Amino acid sequence: ARSGGAAAWSFKFRSVGVELGDILYHNFPDAKVIFLYRHADGWAKSAARAYRIYDIDVPSGQSRTSPLYARLNPAIRTYMASHPVLSPIEILSWMWVSRMDRCLALQQLGVPMFCMCYEDLQAAPQQMLAAMFAYCNLTVRDAAMIDRVVAQDSQAGTSLSQATLQDSTKILRDDDLAELHRLIQQFSPSLTPDIVLPQTFRPA
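Throughout this description, residue numbers start from 1 for each chain and increase along the sequence as written. For a predicted model such as this one, the threshold for reporting local features is a pLDDT of at least 70, and the threshold for listing and counting side-chain atom pairs is 80 or more; totals across whole chains, interfaces and linings nevertheless cover every residue. Excluding hydrogens and water, the side-chain figures rest on all heavy atoms present in the structure.

## What to know about helix H7 (residues 125–135)
And step 1. Residue exposure (1.4 Å probe, protein chains only): buried if accessible area is under 20% of the type maximum, exposed if over 50%, otherwise partly exposed. In this text, helices come from DSSP runs of H or I with a minimum length of four residues, and strands from runs of E with a minimum of two, each type numbered from the N-terminal end. Residues Pro-125, Met-128, Leu-129, Ala-131, Met-132 and Phe-133 constitute the buried set of H7.
And step 2. Any pair of residues with heavy atoms lying within 4.5 Å of one another is described as a contacting pair. Residues of H7 that are buried sit in contact with strand S1 (34–37), strand S2 (114–117), helix H6 (118–123) and helix H8 (143–151).
And step 3. Following H7 by one or two positions, Asn-137 has its phi on the positive side, about 60 degrees.

## Quick notes on unusual backbone geometry
And step 1. Despite not being glycine, Asn-137 has its phi angle at roughly 60 degrees, a positive value.
And step 2. Take Asn-137: it is sitting in the loop between H7 and H8.
And step 3. Positive phi, normally seen in glycine, also occurs at Gln-199, with a value near 70 degrees.

## Details of the state of the cysteines
And step 1. Sulfur atoms of two cysteines make up a disulfide when they are within 2.5 Å. The full count for this structure, using the stated rule, is zero disulfides.
And step 2. Of all cysteine sulfurs in the structure, the one in Cys-103 sits closest to Cys-115, which takes part in no disulfide; the separation is 4.1 Å.
And step 3. Using a relative accessible area of 0% as the deciding quantity, one classes Cys-115 as buried.

The structure is reproduced here in structure tokens:
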């Protein structure tokens with residue numbers, strides 16, 4: 001990368017990486033932190049397909065995947081101490097809540113960041129990305145290349161590709177989303193499904 005003239009590197013972590021946010025920031029205080037998030041309904045619909053949480057046939061709607069998520073998510077692990085087996089919608093709710101709460105906690109620790117909603121990125125990609133690059137003190141020399149990247153499926157060829165996700169059988173219904181909203185309120189009363197986090201850049 002250096003031989004090619006690169007002066008900056010970008011690392012996109014899986015969402016669980018936010019749990020290490022304070023450690024990463026402590027060791028790399030000059031890094032520019034970007035937090036991309038999505039409103040709960042759209043995120044849950046996508047995550048239910050991507051993680052195929054509902055695709056396993058388990059009696060009474062319980063999920064055998066609970067222990068796996070408990071290993072990766074401290075909030076789920078704590079909750080499972082009194083709720084040993086979680087329903088799929090409980091897993092989805094905790095995954096969304098814990099990521100959002102963790103972002104807020106990092107902000108309270110003084111971690112500066114550029115936040116943006118996935119919905120805004122979809123609606124105004126050029127404006128959102130221009131603001132993000134400006135925050136990172138980066139200059140885009142080839143705007144057409146950015147447009148080509150935006151038009152691609154970043155997960156193409158993987159189990160999370162758009163084509164693959166269409167094969168998932170579960171689509172969240174209105175009652176699933178109502179339960180999602182109820183659980184969000186229960187797990188973190190300060191959050192709402194469509195919350196706009198502090199330090200979020202909004203398009204004009």
